[in-house]
Amino acid sequence: MTTKVWIKLNMKKDIKTIELRINGLNCADCATQIERTVSKLNGVKAVKVDLSTSRLKVELNSTDVNKKNIEKEVERIGYEVERSNTIPTVFSIEGMDCEDEAAIIKKKLNALAGIKKFDVLLISSEVVVEHDEKVLPTANILKALKETGMEVFLRGEKAKRLRGEKANFLTSLVFTTTLSGIFVILGFTSTLLGISYSFGTIPLYILAMFSGGYLIGRKGLIAARNLRFDMNFLMSIAVIGAACIGEWLEGATVIFLFALAQLLESKTIDRARNALHSLMELSPKEALVKRNGEERYLLVEEVLAGDTIIVKPGERIPLDGRVINGFSTVNQAPITGESVPVEKLKGNEVYAGTINQQGTLEIEVTHLYKDTTLSGIIHMVEECQKQKAPFQSFVDKFASYYTPTVIGFAILVATIPPIVFHAPFNIWFYRALVLLVISCPCALVISTPVSLVSGITNAARNGVLIKGGVYLEQAGSVKVMAFDKTGTLTKGVPEVIDIIPFNSYSHEWLLRIAASLEARSEHSIADAITRMARAKNIIPLEVNNFQSIPGKGTFAEIDGKVFYIGNLRLFKEHGFTINEAVIDLKGMQAKGKTVIFLGHAQSDGTDKTVIGIISVADDVRENGREALNDIKNSGIEKIVMLTGDGAGTARTIADKLNISEFHAELSPEDKVNIIRDLSKRYGKVAMVGDGVNDAPALAAATVGIAMGVAGTDTALETADVALMSDDLLKLPFALNLSKRTLGTIKENIALSILIKGIFLALALPGLATLWMAVGADMGASLMVIFNGLRLLHIKDRLMDREKIG
């Protein structure tokens, strides 16, 4: 089956960019193949495939666009290239605070031809529309959306006016609600004072209804024109109906309470939106760029890959890059969640949105502003709103049946008793009005998304990126966690464990000799030895006649003697005598250690002596055991370790971390089979790995979790949950947050349905009044919103502890 690719040409100054969207691109290997193939073309400066959006971006440093060559290469590897005018446009909607308003927008967009797909994002108050610009221009969509009576803007445009409109909207709502409340009080007071009911009290109640119900009635009228009976319409009918049967106090009180509830609901929903938007404010809008010997401020959109930017102490880093000059510490908490600042020097990577603390840094930009790690996080958090979690799908389906059923029941209550049983019309009509108020599912519908967005946003703030509500829900119900060993439970790099000198030589002297011999080697074991020497401020000695024997070791002359370092094969082949009774080689290897021998001989090859051994191993991560204990305490029934290493090494690591079940000498296919077996035995399984080498096992698990993925595009795209740092203690935080979010969603749904059920039962026998129904309905909405917002304040225990310390 061929894959169709959409091409868009974007030209800016001397930089040319070709963007491609690839339908059906869901394989990291395919993305890598496309990147490698296109990057080989002449004139291509950079190639990036984003699996999360199925986009390929090609930057050209040639004066020619070279579009035909790119088309040819894409087609050569099996993809069909086609042109399309489909573009995504994001609209900001003011006044969309409830699922009722969202439903009106959905209905309006469904009626437009030329829309490929759209997503209505209630929490961020945005609509994302993919449309054919030739068939359906953006201006036409804007016009259609404005017909809903809501304020609509293109994202990024008229932001100041949008904030002004929001302020005006809230101000008018506060004013009209306050005015309505004053008239209700005056009307009730006039009754107590015995003022004429018809000429004094009723006019005051009418003023209360009009002032409090003007904005509500306007929204209800728009909904009715769109054949949508939303809460505003139903509330307007209820108030008018109450007035028709002479329940003036009830009608005025109901409209005041509803207006007050809408005001509070709007403010609380804004809290969730502000938490989401705060992520976008992390990155500066401008960068100090050094070009052609001059320094000047440019918008981040104008900064190019390869430019040098200057970041002074106390400033946020505007773009991802690599330090080329300077030294400082950087607070990476906004990206990785690390509470301790990280030292940055020449060659180190830095991320947009992090804070430079001490020295001035010169940074070479490696990613455009749209491609930074922070941009990826923001994009994925926004995308989460488009994915309906299982509970949210259930709620939406329930609401689609609940509301029309209750409205139909209200009509029957208003008509059948008076007509069939000759019951008093006013009584049963009033009860029907109560049912109309109860029919709105606002609390139920908003209960899940506000909790999910709050949980996901809090996770992102603490360096845990959760791809969507479905994974947040699933992570909250995981029973078993499987861990890859290398680079996940262990540090992924060998470290010196033992230094054992013979013949009265000192540890320091043996390490100095080893570091001198290994200084020219690039092997990971050599790196471990030289790294320890540097940490102990040990300066290597000068060596002569250095020789390296691949797979065995090295030797060289130091102070007139020939010194050797390497494995057992090197020493046996060069005639050294190894006393295995003294050296517990098998015992050390069984513990997962690699043993390195050191020896020396005279320059003529005589007097060969083993002078010591150094053992190297990939040790467990700091806080590893503590993190796993916290994971077990969070409710995980079983922890399993998977590794391709031998059984001895696996047993050693498992014992250190108190893991009872491990599987060794595994191929990637074996890991997948074990994950499937664990799923059959226990249910939902999470797999934790590096997000690249463990991709098959991550995909096979219920939830795939990748560690240490900051700046790693492939890992970000592969995993369902990504830890931006290598800190294992982020896992119990993520699990706790997921469980709390799942619990909050269940609480909200149960509370909403319970309140609806109670008032349905009370309404029929006449035990519920209109104002009670309004108070309960809007009170439930506020309760589930506040309950969901509590998830924003769940703390990472490690960060709290380090702040206290």
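Residues numbered from 1 in each chain as written. Predicted model: local features only at pLDDT ≥ 70, side-chain atom pairs only at ≥ 80, totals over all residues. Heavy atoms only, no water.

**A closer look at the pairing of strand E24 (residues 561-566)**
Move 1: E24 sits mainly inside the fold: five of its six residues count as buried.
Move 2: Sheet topology places E24 next to strand E25 (residues 594-601); five bridges connect them, and they run antiparallel. Bridge pairing links Ile-565 to Leu-598 in E25. (Buried < 20%, exposed > 50% of the residue type's maximum accessible area, 1.4 Å probe, protein only. Helix = DSSP H or I, 4+ residues; strand = E, 2+ residues; numbered from the N terminus. Pairing = 2+ DSSP bridges.)

**A word on the packing of helix H13 (residues 442-461) against helix H25 (residues 730-763)**
Move 1: At a minimum axis separation of 9 Å, H13 and H25 run at an interaxial angle of 170°. When the axis of H13 is compared with that of H25, the two are roughly antiparallel. Like other packed secondary-structure pairs, H13 and H25 cross with a definite hand, here right-handed. Facing H13, whose interface residues are Ala-443, Leu-444, Ser-447, Thr-448, Ser-451, Leu-452, Gly-455, Asn-458 and Ala-459, H25 presents Phe-733, Leu-737, Thr-741, Thr-744, Ile-745, Asn-748, Ile-749, Ser-752 and Ile-753.
Move 2: For the contact of H13 with H25, a count of residues per class yields nine nonpolar, nine polar and no charged. (Axes fitted to C-alpha atoms, helices over the stretch in contact; angles between N-to-C directions. Parallel < 35°, antiparallel > 145°, perpendicular 65-115°, else oblique. Left-handed = near helix turned anticlockwise from the far one by under 90°. Contact = heavy atoms within 4.5 Å. Nonpolar A, V, L, I, M, F, W, Y, C, P; charged D, E, K, R; others polar.)

**A few points about the packing of H13 against helix H26 (residues 770-789)**
Move 1: As a packed pair, H13 and H26 sit with axes 8 Å apart at the nearest point and diverge in direction by 10°. Relative to H26, the element H13 is oriented roughly parallel. In contact with Cys-442, Ala-443, Ile-446, Ser-447, Val-450, Ser-451 and Ser-454 of H13, H26 contributes Asp-777, Ala-780, Ser-781, Val-784, Ile-785, Gly-788 and Leu-789.
Move 2: Of the residues contributing to the contact of H13 with H26, the split by class is eight nonpolar, five polar and one charged.

**Describing the packing of aromatic side chains**
The geometry of two aromatic rings is summed up by the distance between their centres and the angle between their planes.
Move 1: Evaluation of the coordinates by the stated rule reveals nine aromatic pairs.
Move 2: Between Phe-571 and Phe-576, the ring centres sit 4.7 Å apart and the planes meet at 50°, which makes this aromatic pair tilted. Both residues of the pair, Phe-571 and Phe-576, belong to the buried class.
Move 3: Judged by centre distance (5.7 Å) and plane angle (45°), the ring pair of Phe-571 and Phe-597 falls under tilted. Residue Phe-571 is found in helix H18 (residues 568-573), and its partner Phe-597 is found in strand E25; the two are separated by 26 residues along the sequence. The exposure classification of Phe-571 matches that of Phe-597, with both residues buried.
Move 4: The structure contains a cluster of three or more aromatic residues connected by ring pairs, namely Phe-555, Tyr-564, Phe-571, Phe-576 and Phe-597.
Move 5: In this arrangement the basic side chain of Arg-431 is found over the ring face of Trp-428, its NZ or CZ atom lying 4.5 Å from the centre. (Phe/Tyr/Trp six-rings, centres within 6.5 Å; stacked < 30°, edge-to-face > 60°. Lys NZ or Arg CZ within 6 Å of the ring centre and 35° of its normal.)

**Looking at helix H21 (residues 647-657)**
Move 1: Along H21, the residues that are buried comprise Thr-649, Ala-650, Thr-652, Ile-653, Ala-654 and Leu-657.
Move 2: Asn-658 occupies a position one or two residues after H21 and carries a positive phi of about 60°.

**Thoughts on the confidence of the model for the chain**
Move 1: Mean pLDDT over the chain: 81, with 86% of residues reaching 70 or higher.
Move 2: Contacts from residues 1-14, a stretch scored under 50 in pLDDT, to residues over four places away or in other chains number 49 contacts. (pLDDT = per-residue confidence, 0-100.)

**Some words on helix H6 (residues 197-225)**
Move 1: Taking 1.5 Å per residue as the helical rise, H6 with its 29 residues ought to reach 42 Å, whereas the 36 Å between its terminal C-alpha atoms falls clearly short.
Move 2: Approximately 60° is the largest bend angle found in H6, and it occurs at Gly-213.
Move 3: After H6 finishes, the residue Leu-227 shows a positive phi value of roughly 55°. (Expected span 1.5 Å × (residues − 1). Bend = angle between axes of the 7 residues up to and from the residue.)

**Here we look at the nonpolar core**
Move 1: Judged by nonpolar contacts, the single largest core of 76 residues is most densely connected at Ile-93, Ile-105 and Leu-770.
Move 2: Beyond its immediate stretch of four places on either side in the chain, Ile-93 contacts Ile-105, Ser-125, Val-127, Leu-145, Met-150, Glu-151 and Val-152.
Move 3: Core analysis: the second largest hydrophobic core is formed by 42 residues, Leu-444, Met-481, Leu-489 and Ile-705 among them. (Core = buried A, V, L, I, M, F, W, Y, C linked by side-chain atoms within 4.5 Å.)

**A few points about the pattern of salt bridges**
When the charged atoms of two side chains with opposite charge come close together, those side chains can pair.
Move 1: All chains considered together, the criterion is met by 16 salt bridges.
Move 2: Through salt bridges with shared partners, a single network forms among Lys-638, Glu-661, Asp-677 and Arg-681. (Salt bridge = Lys/Arg side-chain N within 4 Å of Asp/Glu carboxyl O.)

**Some thoughts on a nonpolar patch on the surface**
Move 1: Together, Phe-409, Leu-412, Ile-416, Ile-419, Val-420, Phe-421 and Leu-764 give the surface a local cluster of nonpolar side chains, amounting to about 670 Å² of exposed area.
Move 2: Take Leu-764: it is sitting in the loop between H25 and H26.
Move 3: Classification of Leu-764 by relative accessible area gives partly exposed; the value is 36%. (Patch = residues over 30% accessible without salt bridge, like charges linked within 9 Å, V, L, I, M, F, W, Y side chains within 5 Å. Areas by Shrake-Rupley, 256 points an atom, 1.4 Å probe, with all protein chains shown as cover.)

**What about the environment of Asp-498?**
Move 1: Within the secondary structure layout, Asp-498 lies in strand E21 (residues 495-501).
Move 2: Taking the C-alpha atoms as reference points, Asp-498 and Lys-593, 95 residues apart in sequence, are found 9.2 Å from one another.
Move 3: When residues no more than four places from it in sequence are discounted, the contact partners of Asp-498 are Met-588, Lys-593, Ile-613, Ile-614 and Ser-615.
Move 4: Within the structure, the side chain of Asp-498 is placed 2.7 Å from the side chain of Ser-615, a separation counted as a polar contact. (Polar contact = N/O pair within 3.5 Å; in protein donor to acceptor, adjacent residues only side chain to side chain.)

**Concerning the environment of Val-184**
Move 1: Looking at where Val-184 falls in the secondary structure, it is placed in helix H5 (residues 159-192).
Move 2: Val-184 sits 66 residues away from Glu-250 along the chain, and the two C-alpha atoms are 9.9 Å apart.
Move 3: With near-sequence residues (within four places) excluded, Val-184 lies in contact with Tyr-205, Ala-208, Ala-252, Thr-253 and Phe-256.

**A word on unusual backbone geometry**
Move 1: The phi dihedral of Asn-503 is positive, around 55°, even though this residue is not glycine.
Move 2: Position of Asn-503 among the secondary structure elements: in the loop between E21 and helix H16 (507-518).
Move 3: Residue classification places Asn-503 among the exposed positions, given a relative accessible area of 52%.
Move 4: Of note, Asn-545 is a non-glycine position whose phi angle comes to about 50°, a positive value.
Move 5: With respect to the helices and strands, the residue Asn-545 is situated in strand E22 (residues 544-549).
Move 6: With a relative accessible area of 53%, Asn-545 lands in the exposed category.

**A look at the sheet that holds strand E28 (residues 661-663)**
Move 1: One open sheet accounts for seven strands, arranged E19-E31-E30-E29-E20-E27-E28; its pairing is mixed. The two strands at the open ends of the sheet, each matched to only one other strand, are strand E19 (464-466) and E28. Neighbour to neighbour, the strand axes of the sheet diverge by 20° on average, direction disregarded.
Move 2: Where strand E27 (residues 638-642) and E28 come together, three bridges link them in parallel fashion.

**Comments concerning the sheet that holds strand E6 (residues 86-94)**
Move 1: Taken in spatial order, the four strands of this open sheet run E7-E8-E6-E9, and their pairing is antiparallel. Edge positions in the sheet fall to strand E7 (115-121) and strand E9 (151-154), since each has one partner strand and no second. Between one strand and the next, the sheet's axes are offset by a mean angle of 25°, whatever the strand orientation.
Move 2: Bridge count for E7 against strand E8 (residues 126-132) is six bridges, and the pairing is antiparallel. Directly across from Lys-117, in E8, lies its bridge partner Glu-130.
Move 3: Contacts from helix H3 (residues 99-110) reach E6, E7 and E8, with the element oriented near 175° to E7.
Move 4: Of the strands in this sheet, E6, E8 and E9 touch helix H4 (residues 138-146), which is tilted by about 30° from E6.

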